[in-house]
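# Commentary on secondary and tertiary structure
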Amino acid sequence: MPVACVALIVSACGYNDDTTEIVTPAPPGADASVRGTITYRERIALTPDAVVTVQLRDTSLADAASVLIAEQIISSPGQVPIDFDLRYVSDEIDDRNVYSVSVVITEGDGRMAFTNDSAYDVITRGNPRRVDMTLVMVEPPPELAPDGWSPTDPDRVEAPVHATDVGMIWEGSTGSQSSGYLRVVFVTSSEDGCYHIGREEAVRSGSRFEVAVTAWVPAPVPWAQDCSERDLELDAMVHLGDGFISGEMFEVVLNGERTFTFTAP
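Parameters at a glance
Residues numbered from 1 in each chain as written. Predicted model: local features only at pLDDT ≥ 70, side-chain atom pairs only at ≥ 80, totals over all residues. Heavy atoms only, no water. Pairing = 2+ DSSP bridges. Helix = DSSP H or I, 4+ residues; strand = E, 2+ residues; numbered from the N terminus. Axes fitted to C-alpha atoms, helices over the stretch in contact; angles between N-to-C directions. pLDDT = per-residue confidence, 0-100. Contact = heavy atoms within 4.5 Å. Buried < 20%, exposed > 50% of the residue type's maximum accessible area, 1.4 Å probe, protein only. Disulfide = S-S within 2.5 Å. Polar contact = N/O pair within 3.5 Å; in protein donor to acceptor, adjacent residues only side chain to side chain. Patch = residues over 30% accessible without salt bridge, like charges linked within 9 Å, V, L, I, M, F, W, Y side chains within 5 Å. Areas by Shrake-Rupley, 256 points an atom, 1.4 Å probe, with all protein chains shown as cover. Salt bridge = Lys/Arg side-chain N within 4 Å of Asp/Glu carboxyl O. Lys, Arg positive; Asp, Glu negative; His and termini not counted. Charge placed at Lys NZ, Arg CZ, Asp CG, Glu CD. Core = buried A, V, L, I, M, F, W, Y, C linked by side-chain atoms within 4.5 Å.

### As for the sheet that holds strand β11 (residues 162–171)
- Taken in spatial order, the three strands make up an open sheet running β11-β12-β15, and their pairing is antiparallel. At either margin of the open sheet sits one strand with a lone partner, and together these are β11 and β15 (232–244). Geometrically, the sheet is characterised by an average inter-axis angle of 20° between neighbouring strands, direction not taken into account.

### Here's the deal with the confidence of the model for the protein chain
- Here the protein chain averages 88 in pLDDT, and 89% of its residues register 70 or above.
- Contacts from residues 1–18, a stretch scored under 50 in pLDDT, to residues over four places away or in other chains number 27 contacts.

### Looking at the environment of Phe 244
- With respect to the helices and strands, Phe 244 occurs in strand β15.
- The class of Phe 244 is buried, set by a relative accessible area of 1%.
- Distance from Phe 244 to Gly 180, taken between C-alpha atoms, is 7.3 Å for residues 64 residues apart in sequence.

### Notes on the state of the cysteines
- Throughout the structure, instances matching the rule amount to one disulfide.
- A sulfur-sulfur distance of 1.9 Å marks the disulfide that ties Cys 194 to Cys 227. Here the disulfide of Cys 194 and Cys 227 is left-handed, its torsion about the S-S bond being about -85°. Placement of Cys 194 in the loop between β12 (178–188) and β13 (196–205) and of Cys 227 in the loop between β14 (208–218) and β15 is noted, with a sequence separation of 33 residues between them. Each of the two residues, Cys 194 as well as Cys 227, counts as buried.

### Points about the side chain of Asn 255
- Turning to its location among the elements, Asn 255 is positioned in the loop between β16 (249–254) and β17 (258–263).
- Of note is the side chain of Asn 255, whose polar atom sits 2.9 Å from the backbone nitrogen of Val 213.

### Looking at a negative patch on the surface
- On the surface, Glu 191, Asp 226, Glu 229 and Asp 231 cluster together into a patch of negative charge.
- Considering the arrangement of structural elements, one finds Asp 226 in the loop between β14 and β15.
- Classification of Asp 226 by relative accessible area gives partly exposed; the value is 40%.

### Examining the pairing of β16
- In this sheet, β16 lies alongside β14 in parallel orientation, the contact comprising four bridges. Residue pairing in the sheet places Glu 210 in a bridge with Val 253 of β16.
- Bridge count between β16 and β17: six bridges; the pairing is antiparallel. Directly across from Val 252, in β17, lies its bridge partner Phe 260.
- From the end of β16 to the start of β17, which pair antiparallel, there are three residues, and Asn 255 there has a positive phi angle of about 55°.

### Focus on the nonpolar core
- With 33 residues, the main nonpolar core has Ile 38, Leu 56, Phe 84, Tyr 88, Ile 105 and Phe 114 as its most contacted residues.
- When near neighbours in sequence (up to four residues on either side) are disregarded, Phe 114 contacts Tyr 40, Glu 42, Ile 44, Leu 46, Val 103, Val 104, Ile 105, Leu 135, Val 136, Met 137 and Val 138.

### Let's talk about unusual backbone geometry
- Going from Val 80 to Pro 81, the amide bond is cis rather than trans, its omega being 0°.
- With respect to the helices, strands and loops of the structure, Pro 81 is situated in the loop between β4 (67–75) and β5 (82–88).
- The phi torsion at Asn 255 lies on the positive side, around 55°, for a residue other than glycine.
- Residue Asn 255 is classed as buried on the basis of its relative accessible area of 19%.

In structure tokens, the structure reads:
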């Protein structure tokens, strides 16, 4: 067990990287803690010079600066998930107030690499004393963006879904005018952040339908989250319209690639 873990009795002992160091000791009189894990979705490794700063702040007042209650700084954190154990003095906590944990990961070149963009409220008002935090990327390593990088670069792009099956569903009695729906079965990754619903629309031109079923997925950049494993099956129901007459034949082109025909019942 590393000496730092023995001296400070913190959860860094659970890290895989034995070089992990806790720079800031617990404040005098600390008798409680907020614990949790830190991770992010991008495929970027932290360097040995990375520093993780975890802070507990009183965020009760929206129109005033938050008050720092406690801080833990972890150097050489290894790779995510990273454990933290943020100790604080319970007498400094007011049950009427709101307290939040924030995290910043800074790399050795001074670059802010990751931070949280969602509030993680803790301790009071029924909030937990353990949080599993997912950070967002602030800036990638320069070697992964040789042509430059901007915070306005898109983090998601629209892409056609990976369809595995298509079929028609009809509403209305056989022989009368019907409503038609195209059911598109597709597969995607079950990893959080890999799939956000996109367009589900149909454009008719005579007896032909151009159907688009898309998703918003991580942009194809070197640091993007790996969404290649497609282990989740979903479906989309695209309304093709009303007033189909029995015996009418139509052609459907899905995402500009897959073509099939159907006959109204």
